[in-house]
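Structural characterization, general
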Amino acid sequence: MGLPGALPVVNSKVVEFAVKLGLALNCKLSFYSKFDRKQYFYPDLPKGYQISQFDIPIATGGYLDVDLPVEFGGGHRRFGITRVHMEEDAGKLLHADDGEYSQEITFPIMLHWFSALLTYALQVDLNRAGVPLLEIVSEPDMRTGIEAAEYAAELQRLVRYLGVSNGNMQEGSLRCDVNVSIRPVGQSKFGTKVEIKNLNSFSSINRAIDFEIARQALLYSQGKADQIVQETRLWEEGSQKTVTMRKKEGLADYRYFPEPDLPEVILNKEYVDSIQSSLPELPEMKRRRYEEMGLSMQDVLFLANDINVARFFDATIEKGADVKLAANWIMGDIAAYMKNEKLTINEIKLSAAELAELIASIKGATISGKIGKEIVDPSEIEKMVDKVLSENPKQLEQYRGGKTKLQGFFAGQLPPADMEAGTPQSRKVMVIADPTRESAGALQYALSHVLLEEDELVLLHVDTPNSWKNPFITFLRKPSNSQYTTPASLSSSSEGAAAPGGEDFLEEMKQACEVAKPKLRVHVEKVHTESGNKAAIILSQSTAHGVDLLIIGQRRSLSNAILGYRRAGGSLRGSKGVDTAEYLIQNSKCNCVGVQRKGQNAGYLLNTKTYRNFWLLA
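Our subject in this report is the structure included herewith. (Residues numbered from 1 in each chain as written. Predicted model: local features only at pLDDT ≥ 70, side-chain atom pairs only at ≥ 80, totals over all residues. Heavy atoms only, no water.)

Remarks on the overall build of the protein chain
Rule in force here: Per the convention used, a helix needs a DSSP run of H or I reaching at least four residues, while a strand needs a run of E reaching at least two, with both numbered from the N terminus. Here a residue-residue contact requires only that any non-hydrogen atoms of the pair lie within 4.5 Å. The method behind every accessible area is Shrake-Rupley, applied with a 1.4 Å probe, and residues are considered shielded solely by the protein chains displayed.
Across its full length, the protein chain holds 19 helices and 22 strands. Taking contacts inside the protein chain between residues at least 6 apart in sequence as the whole, the part at least 24 apart equals 69%. Split by element, the accessible area of the protein chain, about 31,600 Å² in all, is 52% carbon and sulfur.

Right, dumping it as structure tokens:
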């Protein structure tokens, strides 16, 4: 800033970032480099010179690989890097919107009568003056505006991956100036270059270059090539054209000489090697890795564009998620949710591990794709909850008054979870069949939430010496359908109750399935064992049948009885910390669902209770 008595000091961090960026751009590093003074006067440079690097920059001769978007023809391009050098930033010029770009400027400290004589065309912000920056100069390898814009976008990705800068163009953290020249076909010598400034977006880079190419080509065609002069032009976003800002100085005008107040920059091999080993996986490497996974170029470009999205995707597949499904979820519903809520992927509540579990649950038919979408975007669930609450104001008032048992009532008013969307065409589902209310609830859940007409259902009953023989259990409420008939053995019993010690409940359950879903293939499997290890039988049978989904009724308290731990007197032996569904989910090779009922008319509420793909319905 040219403050009296102030001397410059080299910022060690900018040296580190320069080395890191040079390595990432495949450049040759200069183990000895120096700073130089670049002399020129301009309102954004209060001390009349800029500290830069002239003849010995810190990095030279590199390249950057870019994958062009599919919508622009696709393809892979390599653009040469001339140099990377360190310098200090100048101030920021704020131009008027009326198209007047005079260098006249009004300073607040001037006398009123004097300032009134000057044109109010320019303001200067000196807050960033003297801040270190890195400048990257490319080779003239680009032929269109879109190529230049994609090159700049790739640089933005690169510096963000490296942590060198946030790369935000709107904040001035990343700025692009372009030089445009044209030449007749067959001519090897480049034409007169024109620099364009005031480019604050990639789309501006694209449009400004294409306009300037067209402007210069028109002058050539009209025989006015001499009017193409070395100058600096500004891009006017409003009029979508470039206008002259100032005539460009040549290298001789800058009068470079070594900076006397700063020492040389000397690197050693150990320092460079330490930075080299710390480099992350760069965008180009990540895109190639994603391609090897079988993803399309469109998927690859989206996922690798943002380092945080790439990290989220990598973490999801590390948890075992299907690669393509993970990409689809991130690019589809999650991206849409982030856009609507104006959130970044680091700000959403869904973690990578939860997304992996969600994908596995959908793939294994534990839940549907529709339910998955509602989990990602909770606004749909909120709408259903609001509707239930608005339709039941009396119960809501009672609940607010302390009657918390109405929670089950509210859950019961929610529409059934549609388990059909996105599920396989045919699955094999096993329901553990016992003469218990819990087993009845499991079957009811399977029929209303899981099973499709083309599925196959296995009703498995494992009889052990300790199995319950309860004659007063009410199973599924009888459908009004006239096809349903009560088995003869139950005619003398209470409606829907099982006969003591009998197995007619299996016939009743099967008949209820046939009425609810006539095309459903239902098989009854009865296994007797004296060992009492009922859980082991369930696991072996589910494996033998190749079951996709295992559904088991679960007591509201810990239910060790199904594991064979119940004594004749009714007390439990064995570990009281062992829960049926938790035990099965730890050992089963398929997805499991545990079902709890809170009364015959209660609904079900999904909660992630325990391991892997286990969903407890309470």
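Concerning the sheet that holds strand β10 (residues 176-180)
Convention followed: At least two DSSP bridges between two strands are needed for those strands to be called paired. Structural elements are reduced to axes, namely lines fitted to C-alpha atoms, with helices fitted over the stretch in contact, and the angle between N-to-C directions of any two is expressed from 0 to 180 degrees.
Pairing within the open sheet is mixed, and its 4 strands lie in the order β10-β11-β12-β13. The open sheet is flanked by β10 and β13 (241-247), the only strands paired with a single partner. Strand-to-strand twist across the sheet, computed as the mean angle between neighbouring axes with direction ignored, equals 30°. Note: strand β12 (residues 231-236) against β13, 6 bridges, orientation antiparallel. Among the inter-strand pairings, E236 is bridged to a residue of β13, identified as K241.

Quick word on the environment of D210
Relative to the elements of secondary structure, D210 occurs in helix α4 (residues 202-221). Along the primary structure D210 and G145 are separated by 65 residues, whereas in three dimensions their C-alpha atoms are 5.4 Å apart. Beyond its immediate sequence surroundings of up to four residues, D210 is in contact with T144 and G145.

Observations regarding the pairing of strand β4 (residues 49-52)
Regular strands have side chains that alternate between both faces of the sheet. Our working rule: The cut-offs for exposure are 20% and 50% of the maximum accessible area for each residue type, with area from a 1.4 Å probe on protein chains only; residues under the lower value are buried, those over the upper are exposed, and the others partly exposed.
Burial along β4 is two-sided: Y49 and I51 facing one way and Q50 and S52 facing the other are all buried. Two elements, strand β3 (residues 36-39) and β4, share 4 bridges in a ladder whose sense is antiparallel. Bridge assignment links R37 to a residue of β4, and that residue is I51.

Looking at the environment of D65
Rules: Polar contact is the term for a pair of N or O atoms within 3.5 Å; when the atoms are in protein, one must be able to donate a hydrogen and the other to accept it, and sequence-neighboring residues count only if both atoms are side-chain atoms.
Checked against the element boundaries, D65 lands in strand β5 (residues 59-67). Residues D65 and R78, 13 residues apart in the sequence, show an inter-C-alpha distance of 4.5 Å. Each residue touching D65, except ones within four places of it in the same chain, is listed here: H76, R77, R78, E154, E284 and R287. Of the polar contacts made by the side chain of D65, one reaches the side chain of R78; its length is 2.7 Å.

Topic: the packing of aromatic side chains
Which entries qualify depends on this criterion: Whether two aromatic rings pair depends on their centres lying within 6.5 Å, for rings of Phe, Tyr and Trp, where Trp uses its six-membered ring; planes under 30 degrees apart make the pair stacked, over 60 edge-to-face, and the rest tilted. Cation placement over rings: the criterion is NZ of Lys or CZ of Arg within 6 Å of the ring centroid and within 35° of the ring normal.
Within this structure, the stated rule accounts for 6 aromatic pairs. Following the ring pairs from residue to residue traces out a cluster consisting of Y40, F54, Y254 and Y256. The ring of Y254 carries the charged tip of K38 above its face, separated from the ring centre by 4.5 Å. For the cation-ring pair, K47 lies above Y49, with the distance from its terminal atom to the ring centre recorded as 5.2 Å.

Topic: the sheet that holds strand β1 (residues 28-29)
Pairing is antiparallel across the open sheet formed by 4 strands, whose spatial order is β1-β5-β6-β9. Among the strands making up the open sheet, the edge pair consists of β1 and β9 (132-138). Sheet topology places β1 next to β5; 2 bridges connect them, and they run antiparallel. In the sheet register, K28 faces β5, and the bridge partner there is T60.

With respect to the pattern of salt bridges
Inclusion rule: Any carboxyl oxygen of Asp or Glu within 4 Å of a side-chain nitrogen of Lys or Arg constitutes a salt bridge here.
Scanning the model with the defined rule gives 33 salt bridges in all. The residue D89 makes a salt bridge to R128 at a minimum N-O spacing of 3.6 Å. Of this pair, D89 sits in the loop between β6 (76-88) and β7 (92-95) while R128 sits in the loop between β8 (122-125) and β9; the two residues are 39 residues apart in sequence, bridging distant segments of the chain. Notably, a salt bridge pairs E391 with K387, separated by 2.6 Å at the nearest N-O pair. Here E391 pairs with K387, and both are found in helix α13 (residues 379-391), just 4 residues apart, close to one helical turn. The network of salt bridges with shared partners includes D67, E154, R157, E284, R287, R288 and E291.

Side note on helix α18 (residues 534-544)
Among the residues making up α18, those that are buried are K534, A535, I537, I538, L539, Q541 and S542. The positive-phi residue at the C-terminal boundary of α18 is G546, with phi of around 65°.

Things to note about the nonpolar core
Our working definition: To qualify as a nonpolar core, a set must consist of buried Ala, Val, Leu, Ile, Met, Phe, Trp, Tyr and Cys residues joined through side-chain atoms within 4.5 Å.
Ranked by internal contacts, the top residues of the largest apolar core, which has 36 residues, are V19, L25, I58, L64, M86, L158 and L162. Every element with two or more residues in this core is listed here: α1 (12-24), β4, β5, β6, α3 (145-162) and α6 (269-278). When residues no more than four places from it in sequence are discounted, the contact partners of L162 are K20, L21, A24, L279, P280 and L282. Counting 30 residues, the second-largest nonpolar core is a separate cluster that includes A304, F313, A327 and I362.

Observations concerning the packing of helix α10 (residues 323-341) against helix α12 (residues 369-376)
For clarity, the threshold we go by: Oblique is the label for any angle not covered by the other classes, which are roughly parallel (under 35 degrees), roughly antiparallel (over 145) and roughly perpendicular (65 to 115). We call a crossing left-handed when the near helix sits turned anticlockwise from the far one by less than a right angle, and right-handed when that turn is clockwise. Classes in brief: Ala, Val, Leu, Ile, Met, Phe, Trp, Tyr, Cys and Pro nonpolar; Asp, Glu, Lys and Arg charged; the others, Gly included, polar.
Their axes nearest at 9 Å, the elements α10 and α12 cross at an angle of 45°. For the element pair α10 / α12, the angle class is oblique. Helix-helix and strand crossings are classified by hand; for α10 and α12 the assignment is right-handed. Here α10 contributes W329, D333, I334 and Y337 to the contact with α12, which in turn contributes G369, G372, K373 and V376. When its residues are assigned to classes, the contact of α10 with α12 shows 4 nonpolar, 2 polar and 2 charged.

Thoughts on unusual backbone geometry
Unusually for a residue other than glycine, N26 sits at a positive phi of about 60°. Note on placement: N26 falls in the loop between α1 and β1. Positive phi values are uncommon outside glycine, yet Q240 reaches one of about 55°. The topology assignment puts Q240 in the loop between β12 and β13. In this structure Q240 comes out as partly exposed when scored by relative accessible area, which is 29%.

Description of the packing of α3 against α4
Between two packed helices, both the angle of their axes relative to each other and the distance between the axes serve to describe the pair. Across the interface, α3 lies against α4 with an axial gap of 8 Å and an inter-helix angle of 150°. The orientation of α3 relative to α4 falls into the category roughly antiparallel. Of the two possible hands of crossing, α3 and α4 adopt the one that is right-handed. Each of G145, I146, A148, A149, A152, A153 and Q156 in α3 lies in contact with α4, whose residues at this interface are F202, I205, N206, I209 and D210.

All we've got here are geometric facts, nothing functional implied.
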